[in-house]
Every structure is written in C-alpha cells, then in structure tokens.
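# Tertiary structure, described
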Amino acid sequence: MIRRKRPVAGACALLAALTAGLAFPAGAAAGEPTGQSAPKVNLLLDVSGSMRAKDIDGQSRMAAAKQAFNEVLDATPEEVELGIRTLGANYPGDDRKEGCKDTAQLYPVGPLNRTEAKTAVATLAPTGWTPIGPALLKAADDLDGGDGSKRIVLISDGEDTCAPLDPCEVAREIAARGIGLTIDTLGLVPNAKLSRQLSCIAEATGGTYTSVEHQDELTDRVNELVDRAAEPVVTPVATEGAGSCAKAPALESGLFTDREEFGQQRWYRVELPAGQELRASVSVAADRAVRPDYGVLLRAVTVHGREIVRGEATGNGRTDVLSTGLRYPKPERDDGAKPAAEVVCLAVTNSFSADAGVKTTPGLPLELTVDVVDGPGGSSDVASFGLGRGWWLLGALIITGFVAGLLWGWLSRWRFAVWRTN
C-alpha cells in the first residue's frame with residue numbers, strides 16, 4: 001500500500017508546486033546583502049574585581065574568560081574583523097567618577113593578528129568597576145562605519161555599577177542609530193538581576209542572552225556568535241517616517257528600520273507602476289515594559305486619503321514583536337496604454353501603551369519591508385478566486401481528467417463487449 005501511495009503523493013506535490021509557481025510570480029528579494037564590507041565583531045569583556053572569584057570549573061572567572069578568548073581567536077574566520085574592548089580593567093581606586101570612565105580598546109577592530117590579540121588578553125587582571133553603559137557606547141563607536149554586519153559580544157559577571165546611565169537605555173539608543181548593530185550578552189553568574197539586565201540589553205538590539213557556568217560553554221557560545229557574524233545578513237536601511245503622506249520619504253524595494261513612539265503614526269511613500277504588485281510588511285517590537293492588549297495596523301492609502309487595503313494584528317502581552325502585512329496589485333489598462341505610476345502611501349499605527357515612569361523615547365523599534373514585484377496576469381482572477389493564474393491550471397487539469405475518464409470508460413466498455421462476443 002505504501003508503494004502505491006507514494007507516486008500519488010509525488011504527483012500531488014508536483015501539482016501543488018506548479019500551481020503555486022503560476023499563482024505567485026517570483027520577485028526580487030528585498031534588502032539583499034551586498035557583501036561590500038567585512039563583518040565586524042567587538043568582544044566586550046568585564047575585567048572588574050569580581051572576576052577574581054574561582055567558581056568556574058575550579059578556576060577564576062578571569063582565567064576561564066582568557067582561555068575561552070584564546071580558543072575563539074584561533075577559530076575566528078579570516079573574513080571577520082575582530083576587536084577586544086575591556087571595562088573595569090585599569091582603574092583600581094574607589095572614585096566612582098573615575099571608575100565609570102574605565103573602558104579601553106584592548107585590541108582594535110580590524111584584520112586579526114592572533115598572536116598580538118592573545119598577548120593583549122594575557123595581560124588582563126581583574127581590577128575595578130563595572131561600567132557596562134559607558135563601555136557599550138564606546139564599543140558601538142568602535143564599529144561605526146561600513147555596511148557589513150556588526151556585533152558586540154558582552155561578557156560580564158555583574159550588574160552595571162554606573163547608574164543612572166542605564167545599560168538598557170544605552171542599548172535602545174544604539175539601536176535607534178539604525179546602524180544594524182546587534183548586542184549579544186553572556187552572564188557568568190546565575191543571578192536573577194544580572195539576567196534581567198543582560199536580557200534587556202540584548203533584546204533592545206535583537207540579540208541573545210545566554211547564561212554560562214562552564215568554560216567550555218563560554219568558548220562554544222562566543223565561537224558561535226563570531227561565526228554567526230560571518231554569515232550573509234540583510235542590513236536594514238535607517239529611515240524616518242513622517243507625520244503625513246505628503247511629507248513621507250519615498251521608499252523602493254528593501255528593508256527599512258525606524259522608531260515609532262506609543263500611539264504614533266508613521267507615513268511612507270512607494271511608487272507602484274501598472275502591472276506591478278506592492279507587498280509590504282511591518283514589525284513593531286516592545287523593547288520595554290508595555291501594557292497587555294496592543295495592536296499594529298498597516299494601511300495602503302491613495303494620495304487623496306482613500307484606503308486601498310489594510311493589514312492588522314493584535315497581541316495580549318505574550319509576544320514582544322507584532323507583525324502584519326498587505327498586498328496590492330495594480331492592474332494594467334485594457335487599452336494597452338501605459339499609465340503613470342501610482343503613489344501609494346503606507347501608514348503604520350500602533351496601540352502600545354506603558355505605565356507611568358516608562359520612557360517613551362526613543363520610540364519602539366519598527367522594521368518595514370517593501371517589495372514591488374511583477375503583478376499577476378489578471379488582477380480580477382486574484383480578487384475573485386484567490387488563486388491567481390494557478391486557477392486556470394487547476395481548471396485545465398480537471399477538464400483533462402474528466403475527458404480521460406470518459407475515454408477510459410468507453411474503451412473499457414468496448415473491450416468488454418468484444419470479449420463477450422468472442
């Protein structure tokens with residue numbers, strides 16, 4: 001029975017693939033990576049006094065970090081430009097003001113000389129404070145420039161000691177720059193407060209937080225993050241939506257980032273030629289504490305204010321990112337004339353809200369994808385059946401099957417009649 005069913009399943013799969021291929025014409029991918037600049041990674045290591053504690057596989061946290069760094073340096077891909085920055089490595093005193101300035105670039109971001117980098121790491125000794133916020137700002141400056149992927153890997157065993165410069169707010173400020181920088185964090189101590197702070201830093205930039213308690217775990221995780229930086233990525237383009245369609249920036253196909261405050265509306269403009277289809281999607285992330293029950297609305301509107309189509313999504317506090325999208329095909333004229341491109345206004349609105357005391361600036365991270373592709377052959381087919389040109393393939397197959405069934409039945413009756421006669 002299994003052998004008999006497999007050809008049928010294969011035929012169904014082929015039919016589905018052919019139908020999908022005709023129903024949805026392929027288009028250019030939005031925001032394809034250009035690969036012009038080398039990927040950059042800045043390892044940010046906590047060298048504060050608490051790194052003397054000997055609770056990682058019988059050795060100090062500092063010794064485990066050094067060993068992990070040496071192994072990571074050996075395994076770093078050639079195409080990755082890597083740097084090392086420290087925090088709390090140089091000032092041993094009690095002056096808080098001086099301690100919160102204690103961050104330095106141990107090895108500059110650039111082509112890696114493994115011997116020099118290892119020599120620099122070997123000189124480190126646990127010393128001072130834990131200025132995570134100031135160090136993140138400096139680490140982001142180290143990576144400024146270029147259009148390749150940028151990643152900070154922060155390794156710490158304690159919370160920031162330089163408040164009120166909140167590291168979470170610093171991470172949001174870095175994300176708001178729109179330079180495509182991701183911050184990943186690793187905590188060397190299973191501490192709830194440290195976990196919350198490092199998680200907040202990572203989430204603000206779309207990074208990850210990992211708690212590690214063993215030296216091999218630390219090595220493997222840092223290696224994984226460095227390797228991830230070398231993978232091709234789509235670098236979004238920073239843009240700034242306007243308060244009205246008339247003043248909105250003109251966008252082409254691509255991936256864009258922006259910031260939208262609570263309850264705000266952002267406008268963007270896209271030119272849509274006849275015979276093309278606009279596909280747009282938007283994601284808004286809650287990178288801080290928000291009230292449950294929120295929504296995101298994406299509308300396509302004419303320049304005269306008439307709504308064409310909309311997409312909307314709602315959440316109840318269980319997800320940190322809310323996404324929706326829409327599609328709008330512009331048919332060609334029946335008389336063959338080529339009309340001017342239509343200007344479509346995209347409006348993004350959110351209904352996020354927060355309790356008093358939660359900062360509203362910078363706004364919530366917004367990611368907008370715009371893709372203008374070849375439209376379906378007949379827009380009326382899409383509107384009527386939702387199947388595009390695949391509807392005609394399906395109809396043709398049904399008719400063919402019906403005719404084949406009639407012929408087979410007629411041949412069977414004829415053969416039976418001949419058999420009875422003989």
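So, a few notes on the structure that sits alongside this text. (Residues numbered from 1 in each chain as written. Predicted model: local features only at pLDDT ≥ 70, side-chain atom pairs only at ≥ 80, totals over all residues. Heavy atoms only, no water.)

Moving on: the state of the cysteines. Within this structure, the stated rule accounts for three disulfides. One disulfide in the model links Cys 168 with Cys 200; its S-S distance is 2.2 Å. Of this pair, Cys 168 sits in helix α6 (residues 167-176) while Cys 200 sits in helix α7 (residues 192-204), and the two are 32 residues apart along the sequence. With relative accessibility at 7%, the residue Cys 168 sits in the buried group. The exposure class of Cys 200 is buried, given its relative accessible area of 15%. What pairs with Cys 245 in a disulfide is Cys 345, and their sulfur atoms sit 1.7 Å apart. Here the disulfide of Cys 245 and Cys 345 is left-handed, its torsion about the S-S bond being about -40°. Placement of Cys 245 in the loop between β7 (237-238) and β8 (250-251) and of Cys 345 in strand β15 (residues 342-350) is noted, with a sequence separation of 100 residues between them. Judged by relative accessible area, which is 12%, Cys 245 ranks as buried. (Disulfide = S-S within 2.5 Å. Helix = DSSP H or I, 4+ residues; strand = E, 2+ residues; numbered from the N terminus. Buried < 20%, exposed > 50% of the residue type's maximum accessible area, 1.4 Å probe, protein only.)

Pairing geometry for strand β11 (residues 276-285) and strand β16 (residues 364-374), over nine bridges, is antiparallel. In the strand pairing of β16, Glu 277 is matched with Val 373. Bridge analysis of β11 against strand β14 (residues 321-329) gives nine bridges, and the strand direction is antiparallel. Across the sheet, the residue bridging to Leu 278 is Tyr 328, located in β14. (Pairing = 2+ DSSP bridges.)

Okay, the packing of helix α5 (residues 132-142) against α6 next. Axes are the key here: two packed helices are described by the angle between their axes and the distance separating the axes. Look at α5 against α6: their axes get within 8 Å of each other, and the N-to-C directions meet at 15°. Taken together, the axis directions place α5 and α6 in an arrangement best described as roughly parallel. Of the two possible hands of crossing, α5 and α6 adopt the one that is right-handed. From α5, Ile 132, Gly 133, Leu 136, Leu 137 and Ala 140 reach across to α6, where they touch Pro 167, Val 170, Glu 173 and Ile 174. Among the residues making up the contact of α5 with α6, the classes are represented as seven nonpolar, one polar and one charged. (Axes fitted to C-alpha atoms, helices over the stretch in contact; angles between N-to-C directions. Parallel < 35°, antiparallel > 145°, perpendicular 65-115°, else oblique. Left-handed = near helix turned anticlockwise from the far one by under 90°. Contact = heavy atoms within 4.5 Å. Nonpolar A, V, L, I, M, F, W, Y, C, P; charged D, E, K, R; others polar.)

Another point: the layout of surface pockets. When its volume is computed, the largest pocket comes out at roughly 940 Å³. What lines the largest pocket is a set of 43 residues, among which Thr 205, Gly 206, Pro 236, Thr 257 and Glu 367 lie closest to the centre. Mapped onto the lining of the largest pocket, the elements with two or more residues apiece are β4 (150-156), α6, β5 (181-187), α7, α8 (215-230), β9 (254-260), β11 and β16. Looking at the lining of the largest pocket element by element, the count peaks at four residues for β9. (1 Å grid on protein atoms, 1.4 Å probe; cavity = no way out; pocket = protein on both sides within 12 Å on 5 of 7 lines; lining within 4 Å. Points joined across faces, edges and corners; volume = space filled by probe spheres on them.)

With six of seven residues buried, strand β2 (residues 81-87) lies mostly within the body of the structure. As paired elements, strand β1 (residues 40-46) and β2 share seven bridges and run parallel to each other. Looking across to β2, one finds that Leu 44 is bridged to Arg 85. As judged from the five bridges shared by β2 and strand β3 (residues 103-110), these two strands associate in the antiparallel manner. Paired with Arg 85 across the two strands is Gln 105, which belongs to β3.

Attention now goes to unusual backbone geometry. The peptide bond linking Thr 361 to Pro 362 adopts the cis configuration, its omega dihedral lying at -10°. Note on placement: Pro 362 falls in the loop between β15 and β16. Although it is not a glycine, Asp 57 sits at a positive phi angle of roughly 55°. Topologically, Asp 57 is positioned in the loop between β1 and α2 (61-75).

Once that is clear, we can look at the side chain of Arg 172. Within the element layout of this structure, Arg 172 appears in helix α6. On the accessibility criterion, Arg 172 (8% relative accessible area) is buried. Excluding residues that lie within four positions of it along the chain, Arg 172 makes contacts with Cys 200, Ala 204, Arg 259, Asp 287, Arg 288 and Pro 362.

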